[in-house]
Amino acid sequence: GKRVDLICYDTKGDAQEAVNVAKRLCAQDQVCAIIGPNASGQCIAIQSVLDQYKISDMSTVATNEKVTMQDGQLKEYNFRVCFLDPFQGTVLANYASSELKAKKAYCLGENGNEYDQGLVTFFKQAFEKAGGTVVTDSFPKDNSDFSSYLNKAKDQGCDVIFAPVSIAYSTQLVSQAASLNDDTVSAVTAMGYDVYYVALEALKAAGSTDPAKVMEALPGVTYDGVSGHIAFDETGDAIRDTAYIKTIDSAANAWKFVTQQK
(Lines give C-alpha, C1' and ligand atoms only; values in the text may rest on other atoms or scores of the structure.)
Protein backbone atom coordinates (compact mmCIF):
# COMPACT_ATOMS: atom_id res chain seq x y z
CA GLY A 1 0.00 0.00 0.00
CA LYS A 2 3.00 2.31 -0.05
CA ARG A 3 4.79 3.84 -3.01
CA VAL A 4 8.45 2.83 -3.33
CA ASP A 5 10.77 5.07 -5.33
CA LEU A 6 13.85 3.26 -6.64
CA ILE A 7 16.79 5.50 -7.52
CA CYS A 8 19.20 3.53 -9.70
CA TYR A 9 22.81 4.25 -10.64
CA ASP A 10 25.43 2.22 -12.51
CA THR A 11 28.66 1.60 -10.58
CA LYS A 12 30.27 0.51 -13.86
CA GLY A 13 31.91 -2.36 -12.01
CA ASP A 14 34.36 0.08 -10.42
CA ALA A 15 35.06 0.53 -6.69
CA GLN A 16 35.61 4.31 -6.89
CA GLU A 17 32.43 4.77 -8.93
CA ALA A 18 30.58 2.72 -6.28
CA VAL A 19 31.82 5.20 -3.66
CA ASN A 20 30.67 8.15 -5.81
CA VAL A 21 27.24 6.55 -6.27
CA ALA A 22 26.88 5.79 -2.55
CA LYS A 23 27.70 9.42 -1.67
CA ARG A 24 25.13 10.65 -4.20
CA LEU A 25 22.45 8.33 -2.83
CA CYS A 26 23.12 9.35 0.78
CA ALA A 27 23.84 13.08 0.48
CA GLN A 28 21.88 14.15 -2.59
CA ASP A 29 19.02 11.67 -2.86
CA GLN A 30 18.71 11.10 0.90
CA VAL A 31 17.62 7.46 0.56
CA CYS A 32 16.53 5.41 3.57
CA ALA A 33 18.50 2.31 2.52
CA ILE A 34 20.70 1.03 -0.29
CA ILE A 35 20.41 -2.21 -2.27
CA GLY A 36 23.66 -3.36 -3.88
CA PRO A 37 26.21 -3.07 -5.29
CA ASN A 38 26.63 -6.64 -6.50
CA ALA A 39 30.40 -7.04 -6.30
CA SER A 40 32.21 -7.61 -3.01
CA GLY A 41 35.00 -5.16 -3.81
CA GLN A 42 32.49 -2.36 -4.35
CA CYS A 43 30.59 -3.23 -1.16
CA ILE A 44 33.80 -3.14 0.83
CA ALA A 45 34.73 0.22 -0.76
CA ILE A 46 31.51 2.02 0.24
CA GLN A 47 31.76 1.09 3.93
CA SER A 48 33.15 4.50 4.95
CA VAL A 49 30.23 6.24 3.20
CA LEU A 50 27.69 4.05 5.04
CA ASP A 51 29.40 4.80 8.34
CA GLN A 52 29.43 8.54 7.65
CA TYR A 53 25.76 8.80 6.73
CA LYS A 54 24.55 5.89 8.91
CA ILE A 55 22.69 4.29 6.00
CA SER A 56 22.20 0.52 5.82
CA ASP A 57 23.15 -1.42 2.72
CA MET A 58 21.79 -4.81 1.58
CA SER A 59 23.93 -6.53 -1.02
CA THR A 60 22.65 -9.10 -3.49
CA VAL A 61 25.64 -11.27 -4.40
CA ALA A 62 28.64 -9.83 -2.53
CA THR A 63 29.94 -13.11 -1.09
CA ASN A 64 33.40 -12.13 0.21
CA GLU A 65 33.68 -12.58 3.98
CA LYS A 66 35.17 -9.07 4.33
CA VAL A 67 31.88 -7.42 3.32
CA THR A 68 30.44 -7.71 6.84
CA MET A 69 33.48 -8.53 8.97
CA GLN A 70 37.16 -7.71 8.47
CA ASP A 71 40.05 -8.23 10.88
CA GLY A 72 37.56 -8.88 13.68
CA GLN A 73 35.79 -5.57 13.04
CA LEU A 74 32.04 -5.69 12.41
CA LYS A 75 30.79 -3.57 9.52
CA GLU A 76 27.46 -2.80 11.12
CA TYR A 77 25.73 -1.14 8.15
CA ASN A 78 26.42 -3.95 5.67
CA PHE A 79 23.89 -6.77 5.23
CA ARG A 80 23.52 -9.37 2.46
CA VAL A 81 21.10 -12.12 1.44
CA CYS A 82 23.46 -14.42 -0.48
CA PHE A 83 25.60 -17.44 0.28
CA LEU A 84 29.20 -16.72 1.36
CA ASP A 85 32.31 -17.78 -0.57
CA PRO A 86 33.35 -20.56 1.85
CA PHE A 87 29.89 -22.17 1.55
CA GLN A 88 29.58 -21.79 -2.23
CA GLY A 89 33.07 -23.06 -2.94
CA THR A 90 32.65 -26.05 -0.64
CA VAL A 91 29.20 -27.01 -1.96
CA LEU A 92 30.36 -26.89 -5.59
CA ALA A 93 33.56 -28.82 -4.83
CA ASN A 94 31.59 -31.52 -3.02
CA TYR A 95 29.11 -31.65 -5.91
CA ALA A 96 31.90 -32.03 -8.47
CA SER A 97 33.51 -34.74 -6.39
CA SER A 98 30.51 -36.75 -5.19
CA GLU A 99 27.98 -36.27 -7.98
CA LEU A 100 30.17 -35.76 -11.06
CA LYS A 101 32.84 -38.19 -9.78
CA ALA A 102 35.53 -35.73 -10.84
CA LYS A 103 39.10 -36.44 -9.71
CA LYS A 104 40.85 -33.48 -11.29
CA ALA A 105 39.41 -29.97 -11.56
CA TYR A 106 40.46 -26.98 -13.64
CA CYS A 107 39.71 -23.70 -11.84
CA LEU A 108 39.58 -20.55 -13.95
CA GLY A 109 38.97 -16.96 -12.86
CA GLU A 110 39.66 -13.40 -13.94
CA ASN A 111 43.05 -12.13 -12.84
CA GLY A 112 42.71 -9.73 -9.88
CA ASN A 113 38.98 -10.33 -9.43
CA GLU A 114 38.36 -10.88 -5.69
CA TYR A 115 35.10 -12.76 -6.26
CA ASP A 116 36.56 -15.22 -8.75
CA GLN A 117 39.79 -15.82 -6.86
CA GLY A 118 38.07 -16.14 -3.48
CA LEU A 119 35.72 -18.84 -4.76
CA VAL A 120 38.55 -20.65 -6.53
CA THR A 121 40.48 -20.73 -3.24
CA PHE A 122 37.61 -22.27 -1.27
CA PHE A 123 36.75 -24.70 -4.08
CA LYS A 124 40.38 -25.84 -4.22
CA GLN A 125 40.53 -26.39 -0.46
CA ALA A 126 37.36 -28.48 -0.39
CA PHE A 127 38.09 -30.42 -3.58
CA GLU A 128 41.58 -31.39 -2.40
CA LYS A 129 40.16 -32.34 0.99
CA ALA A 130 37.82 -34.73 -0.85
CA GLY A 131 40.85 -36.37 -2.47
CA GLY A 132 40.95 -34.55 -5.80
CA THR A 133 43.65 -32.49 -7.49
CA VAL A 134 43.29 -28.96 -8.84
CA VAL A 135 44.84 -26.95 -11.68
CA THR A 136 44.34 -23.19 -11.25
CA ASP A 137 44.56 -20.55 -13.97
CA SER A 138 43.65 -16.91 -14.58
CA PHE A 139 42.75 -14.86 -17.64
CA PRO A 140 43.21 -11.09 -18.19
CA LYS A 141 40.38 -8.59 -17.96
CA ASP A 142 38.21 -8.21 -21.09
CA ASN A 143 39.36 -11.57 -22.44
CA SER A 144 37.00 -13.06 -25.04
CA ASP A 145 38.81 -16.12 -26.40
CA PHE A 146 38.95 -18.98 -23.90
CA SER A 147 40.01 -21.72 -26.30
CA SER A 148 43.58 -21.90 -24.97
CA TYR A 149 42.34 -22.28 -21.38
CA LEU A 150 39.78 -24.94 -22.32
CA ASN A 151 42.34 -26.86 -24.32
CA LYS A 152 44.74 -26.66 -21.39
CA ALA A 153 42.06 -28.18 -19.15
CA LYS A 154 41.67 -31.05 -21.62
CA ASP A 155 45.42 -31.52 -22.03
CA GLN A 156 45.85 -31.62 -18.26
CA GLY A 157 43.27 -34.41 -18.04
CA CYS A 158 40.79 -32.42 -15.96
CA ASP A 159 37.34 -33.94 -15.44
CA VAL A 160 35.52 -30.70 -14.67
CA ILE A 161 35.92 -26.96 -15.09
CA PHE A 162 35.05 -24.61 -12.23
CA ALA A 163 34.71 -21.03 -13.50
CA PRO A 164 32.90 -18.69 -11.04
CA VAL A 165 33.06 -15.73 -13.41
CA SER A 166 30.73 -12.91 -14.42
CA ILE A 167 27.79 -13.47 -16.76
CA ALA A 168 29.64 -11.76 -19.63
CA TYR A 169 32.53 -14.20 -19.36
CA SER A 170 30.47 -17.27 -18.48
CA THR A 171 28.29 -17.07 -21.60
CA GLN A 172 31.43 -17.09 -23.75
CA LEU A 173 33.02 -19.85 -21.69
CA VAL A 174 29.97 -22.11 -21.83
CA SER A 175 29.49 -21.74 -25.58
CA GLN A 176 33.18 -22.29 -26.30
CA ALA A 177 33.34 -25.24 -23.88
CA ALA A 178 30.29 -26.80 -25.53
CA SER A 179 32.13 -26.90 -28.84
CA LEU A 180 34.82 -28.96 -27.10
CA ASN A 181 32.21 -31.23 -25.43
CA ASP A 182 33.19 -30.08 -21.95
CA ASP A 183 30.89 -29.57 -18.97
CA THR A 184 31.16 -26.34 -17.01
CA VAL A 185 30.14 -25.99 -13.37
CA SER A 186 29.60 -22.30 -12.66
CA ALA A 187 28.52 -20.38 -9.59
CA VAL A 188 25.51 -18.31 -10.59
CA THR A 189 22.89 -16.73 -8.37
CA ALA A 190 20.03 -14.26 -8.72
CA MET A 191 19.27 -12.57 -5.42
CA GLY A 192 17.99 -9.19 -6.62
CA TYR A 193 14.33 -10.18 -6.24
CA ASP A 194 14.78 -11.39 -2.68
CA VAL A 195 16.89 -8.48 -1.48
CA TYR A 196 14.26 -6.01 -2.71
CA TYR A 197 11.53 -7.71 -0.71
CA VAL A 198 13.82 -7.97 2.32
CA ALA A 199 14.23 -4.19 2.07
CA LEU A 200 10.45 -3.78 1.95
CA GLU A 201 10.07 -6.01 5.03
CA ALA A 202 12.57 -3.80 6.84
CA LEU A 203 10.56 -0.70 5.94
CA LYS A 204 7.37 -2.37 7.17
CA ALA A 205 9.01 -3.45 10.42
CA ALA A 206 10.44 0.03 10.96
CA GLY A 207 7.10 1.68 10.17
CA SER A 208 9.18 4.52 8.83
CA THR A 209 11.64 5.62 6.14
CA ASP A 210 13.97 7.04 8.79
CA PRO A 211 17.34 5.37 7.99
CA ALA A 212 18.10 4.88 11.70
CA LYS A 213 14.81 3.04 12.25
CA VAL A 214 15.30 0.94 9.11
CA MET A 215 18.77 0.02 10.36
CA GLU A 216 17.36 -0.88 13.77
CA ALA A 217 14.71 -3.13 12.20
CA LEU A 218 16.94 -4.97 9.72
CA PRO A 219 18.61 -7.50 12.07
CA GLY A 220 15.21 -8.93 13.02
CA VAL A 221 13.78 -9.15 9.49
CA THR A 222 12.92 -12.56 8.07
CA TYR A 223 11.57 -13.38 4.62
CA ASP A 224 10.71 -16.51 2.65
CA GLY A 225 12.00 -15.74 -0.82
CA VAL A 226 12.60 -17.58 -4.05
CA SER A 227 16.05 -18.57 -2.77
CA GLY A 228 14.71 -19.90 0.53
CA HIS A 229 14.24 -18.59 4.05
CA ILE A 230 16.25 -15.44 4.80
CA ALA A 231 17.25 -14.31 8.28
CA PHE A 232 20.36 -12.45 9.43
CA ASP A 233 23.02 -13.54 11.91
CA GLU A 234 24.85 -11.19 14.27
CA THR A 235 27.19 -9.96 11.49
CA GLY A 236 24.44 -9.19 8.97
CA ASP A 237 25.02 -12.29 6.85
CA ALA A 238 22.06 -14.38 5.70
CA ILE A 239 21.84 -17.65 7.65
CA ARG A 240 22.19 -20.27 4.93
CA ASP A 241 23.38 -23.86 5.26
CA THR A 242 21.62 -25.62 2.38
CA ALA A 243 22.01 -25.35 -1.38
CA TYR A 244 19.96 -26.96 -4.13
CA ILE A 245 21.86 -28.10 -7.22
CA LYS A 246 19.89 -27.97 -10.48
CA THR A 247 20.70 -28.41 -14.15
CA ILE A 248 18.91 -27.35 -17.32
CA ASP A 249 16.69 -29.94 -18.99
CA SER A 250 17.05 -28.71 -22.58
CA ALA A 251 14.18 -30.81 -23.91
CA ALA A 252 11.72 -29.47 -21.36
CA ASN A 253 13.32 -26.01 -21.22
CA ALA A 254 13.15 -26.16 -17.43
CA TRP A 255 15.31 -26.62 -14.34
CA LYS A 256 15.85 -30.20 -13.15
CA PHE A 257 16.59 -30.92 -9.48
CA VAL A 258 19.83 -32.87 -8.98
CA THR A 259 20.66 -32.92 -5.29
CA GLN A 260 20.59 -31.02 -2.02
CA GLN A 261 23.91 -30.14 -0.36
CA LYS A 262 24.66 -28.94 3.14
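Residues numbered from 1 in each chain as written. Predicted model: local features only at pLDDT ≥ 70, side-chain atom pairs only at ≥ 80, totals over all residues. Heavy atoms only, no water.

Asks: Teacher, can you tell me more about the packing of aromatic side chains here?
Replies: Within a pair of aromatic rings, the relevant descriptors are the distance that separates the centres and the angle that separates the planes. All told, the structure shown has 12 aromatic pairs when counted by the stated rule. On the basis of an interplanar angle of 10° and a centroid distance of 4.1 Å, the ring pair of Phe123 and Phe162 is categorised as stacked. Placement of the pair is Phe123 in helix 5 (residues 114-129) and Phe162 in strand 8 (residues 160-162), with a sequence separation of 39 residues. Assessed through its relative accessible area of 1%, Phe123 is described here as buried. Since its relative accessible area comes to 0%, Phe162 is described here as buried. Between Phe146 and Tyr149, the aromatic rings sit 6.3 Å apart at their centres with planes inclined by 50°, giving tilted as the arrangement. Neither residue differs from the other here; Phe146 and Tyr149 are each classed as buried. An aromatic cluster is defined as three or more aromatic residues linked by ring pairs; in this entry it consists of Phe139, Phe146, Tyr149 and Tyr169. The positively charged end of Arg24 is found above the aromatic ring belonging to Tyr9, 4.7 Å away from the centroid. Between Arg240 and the ring centre of Phe83, over which it is positioned, the NZ or CZ distance is 5.2 Å. (Phe/Tyr/Trp six-rings, centres within 6.5 Å; stacked < 30°, edge-to-face > 60°. Helix = DSSP H or I, 4+ residues; strand = E, 2+ residues; numbered from the N terminus. Buried < 20%, exposed > 50% of the residue type's maximum accessible area, 1.4 Å probe, protein only. Lys NZ or Arg CZ within 6 Å of the ring centre and 35° of its normal.)

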